[in-house]
Amino acid sequence: MDDSLSFESFLKGARKASHRAMDDHGHGEYDEFALHGGVAVERLAKAALVKRNPVYLLDMNKGNPDLLLYFGGHLDMDADKIRTVGAKDAIRRLRSLDVLPPSPQLDKLIELRNGTAHTTVGDEAKSLLPPLAETIAVLLTDIGMSTEQFWGRWTSTIGAAVDKQRNAIQRDVEIRIKQARHLFDDRFKDLPEGTKEQVLQNPLLNADTDTALLILALWHGGDELITVLIQTICPACNGRAQVRFPLSDIKESTLIPDNLSCPFCRLDLNGMEEITASKAHVGTLTVTDLYELYWNQRVRITPAAEAHGI
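To keep things clear, this report deals only with the structure shown in the data block.

1. Considerations on the nonpolar core
Line of reasoning, step 1. Counting residues in each nonpolar core, the largest one holds 49 residues, and the members touching the most others are Leu44 and Phe150.
Line of reasoning, step 2. If you list the elements that add at least two residues to this core, you get helix H1 (7–26), helix H2 (30–52), helix H4 (87–96), helix H5 (104–114), helix H7 (129–143), helix H8 (147–151) and helix H9 (155–161).
Line of reasoning, step 3. Looking at which element gives the most residues to this core, the answer is H2, with 12 residues.
Line of reasoning, step 4. The contact partners of Leu44, leaving out residues within four places of it in the chain, are Leu11, Ala14, Ile136, Leu139, Leu140, Ile143 and Phe150.
Line of reasoning, step 5. Ile177, Leu200, Val243 and Leu260 belong to the second-largest nonpolar core, a separate cluster that totals 24 residues.

2. Details of the packing of aromatic side chains
Line of reasoning, step 1. Using the criterion set out here, one finds 2 aromatic pairs in the structure.
Line of reasoning, step 2. Pairing Phe150 with Trp151 gives two aromatic rings, centres 5.3 Å apart and planes at 85°, and the pair type is edge-to-face. As far as burial versus exposure is concerned, Phe150 and Trp151 are alike and both buried.

3. Structural notes on the state of the cysteines
Line of reasoning, step 1. Under the defined criterion, the tally for this structure stands at 0 disulfides.
Line of reasoning, step 2. Left without a disulfide partner, Cys237 is nearest to the cysteine sulfur of Cys262, which lies 3.6 Å away.
Line of reasoning, step 3. The buried category is assigned to Cys237, whose relative accessible area is 4%.
Line of reasoning, step 4. Free of any disulfide, Cys265 has its nearest cysteine sulfur in Cys234, 3.6 Å distant.

4. Digging into the environment of Ile110
Line of reasoning, step 1. Following the sequence through the fold, Ile110 ends up in helix H5.
Line of reasoning, step 2. Taking relative accessible area as the criterion, Ile110 reaches 2% and is therefore assigned buried.
Line of reasoning, step 3. The spacing of Ile110 and Val39 is 71 residues in sequence and 8.5 Å in space, taken between C-alpha atoms.
Line of reasoning, step 4. Not counting the four nearest positions on each side in its chain, Ile110 is found in contact with Gly38, Val41, Ala87, Lys88 and Ile91.

5. Quick look at the layout of surface pockets
Line of reasoning, step 1. The calculated volume of the largest pocket comes to roughly 480 Å³.
Line of reasoning, step 2. In terms of lining, the largest pocket is formed by 22 residues, of which the most central are His25, Tyr30, Asp172, Arg176 and Gln179.
Line of reasoning, step 3. At the level of secondary structure, the elements contributing two or more residues to the lining of the largest pocket comprise H1, H7 and helix H10 (168–188).
Line of reasoning, step 4. Take the lining of the largest pocket: its biggest share by element is 8 residues, from H10.
Line of reasoning, step 5. Residues belonging to the lining of the largest pocket are distributed by class as follows: 10 nonpolar, 6 polar and 6 charged.
Line of reasoning, step 6. Here the second largest pocket defines a volume of roughly 210 Å³.
Line of reasoning, step 7. Forming the walls of the second largest pocket are Arg166, Gln170, Val173, Glu174, Ile177, Lys178, Arg181, Pro235, Thr276, Ala277, Ser278 and Lys279.
Line of reasoning, step 8. Looking at the lining of the second largest pocket, the element that brings in the most residues is H10, giving 6 residues.
Line of reasoning, step 9. Of the residues belonging to the lining of the second largest pocket, the class tally is 4 nonpolar, 3 polar and 5 charged.

6. Here's the deal with the pattern of salt bridges
Line of reasoning, step 1. For the structure shown, the criterion picks out 15 salt bridges.
Line of reasoning, step 2. Across the salt bridge formed by Lys46 and Glu42, the nearest N and O atoms sit 3.0 Å from each other. On the criterion of helical spacing, the pair formed by Lys46 and Glu42 is a turn pair, its members being 4 residues apart in helix H2.
Line of reasoning, step 3. Given the relative accessible area of 11%, Glu42 is considered buried.

7. As for a positive patch on the surface
Line of reasoning, step 1. A grouping of Lys12, Lys16, Arg20 and Arg43 is seen on the molecular surface, where their side chains present a positively charged patch.
Line of reasoning, step 2. Considering each element in turn, the positive patch owes the most residues, 3 residues, to H1.
Line of reasoning, step 3. Among the structural elements, Lys16 can be located in helix H1.

Thresholds applied
Residues numbered from 1 in each chain as written. Predicted model: local features only at pLDDT ≥ 70, side-chain atom pairs only at ≥ 80, totals over all residues. Heavy atoms only, no water. Core = buried A, V, L, I, M, F, W, Y, C linked by side-chain atoms within 4.5 Å. Buried < 20%, exposed > 50% of the residue type's maximum accessible area, 1.4 Å probe, protein only. Helix = DSSP H or I, 4+ residues; strand = E, 2+ residues; numbered from the N terminus. Contact = heavy atoms within 4.5 Å. Phe/Tyr/Trp six-rings, centres within 6.5 Å; stacked < 30°, edge-to-face > 60°. Disulfide = S-S within 2.5 Å. 1 Å grid on protein atoms, 1.4 Å probe; cavity = no way out; pocket = protein on both sides within 12 Å on 5 of 7 lines; lining within 4 Å. Points joined across faces, edges and corners; volume = space filled by probe spheres on them. Nonpolar A, V, L, I, M, F, W, Y, C, P; charged D, E, K, R; others polar. Salt bridge = Lys/Arg side-chain N within 4 Å of Asp/Glu carboxyl O. Patch = residues over 30% accessible without salt bridge, like charges linked within 9 Å, V, L, I, M, F, W, Y side chains within 5 Å. Areas by Shrake-Rupley, 256 points an atom, 1.4 Å probe, with all protein chains shown as cover. Lys, Arg positive; Asp, Glu negative; His and termini not counted. Charge placed at Lys NZ, Arg CZ, Asp CG, Glu CD.

Distances and angles like these do not, on their own, reveal function.
Set out below in structure tokens:
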């Protein structure tokens with residue numbers, strides 16, 4: 001039988017496609033994620049089938065009886081005449097063998113990959129990382145391969161995706177932090193040694209608390225404070241992340257952060273729940289005793305503000 005239809009070939013293709021899917025998801029390219037994620041599942045499913053019996057790769061819909069003899073190992077055929085089972089049928093067969101459980105989300109991923117889903121691919125695919133990770137985990141167990149062998153540097157990210165001990169926001173934030181960390185590391189892999197460490201120097205941050213020493217106020221008009229920005233340690237890359245505290249009335253006593261963004265690794269978190277889940281050193285900010293803030297000028301945080309978690 002053709003080497004491209006061997007267990008090793010399908011496994012190699014599945015690993016390559018799955019790693020590309022993780023890169024796509026980390027870059028926010030969710031259409032490509034659906035494509036490569038679907039390919040990864042299909043190839044790993046075929047690896048599981050061919051390991052049991054090559055005949056299980058036979059596409060029953062093609063109508064060529066010689067394919068049965070070919071997959072049985074008793075007939076040679078030209079490569080351009082070989083047709084194997086598609087992703088949906090491969091999954092269906094593994095479900096019949098009690099290897100894969102029913103999963104509407106996995107079915108949706110395959111539909112998106114095949115272009116048969118009536119939806120915007122990116123919007124739907126973004127949330128399908130956990131079912132992809134769970135499906136691959138089941139198939140790896142079936143073929144006897146460890147998660148670390150298959151996923152390599154993405155192992156901890158996949159672990160976060162299938163962690164049922166955390167809620168959806170906690171899982172999502174941890175996945176995004178790990179993705180941002182990988183993407184940040186990739187930016188420096190071909191640069192001189194020490195470049196990343198130089199970029200990550202934090203002269204504006206307190207070494208004891210990892211919190212911002214300086215504050216930047218943005219004004220609208222002449223005398224209305226609308227936003228307070230601070231710097232803190234990025235939970236992904238340890239660079240200088242910016243935390244935004246919106247304010248509509250200077251008389252309010254407490255500010256709650258609504259965004260954390262990092263210019264180095266592109267991590268972007270929205271809302272207090274996501275920021276809290278990231279375990280960044282950010283709390284609420286009390287503004288009662290703040291000194292006067294001037295347009296485009298950095299001003300030290302007062303002791304009262306420092307005492308409230310900033």
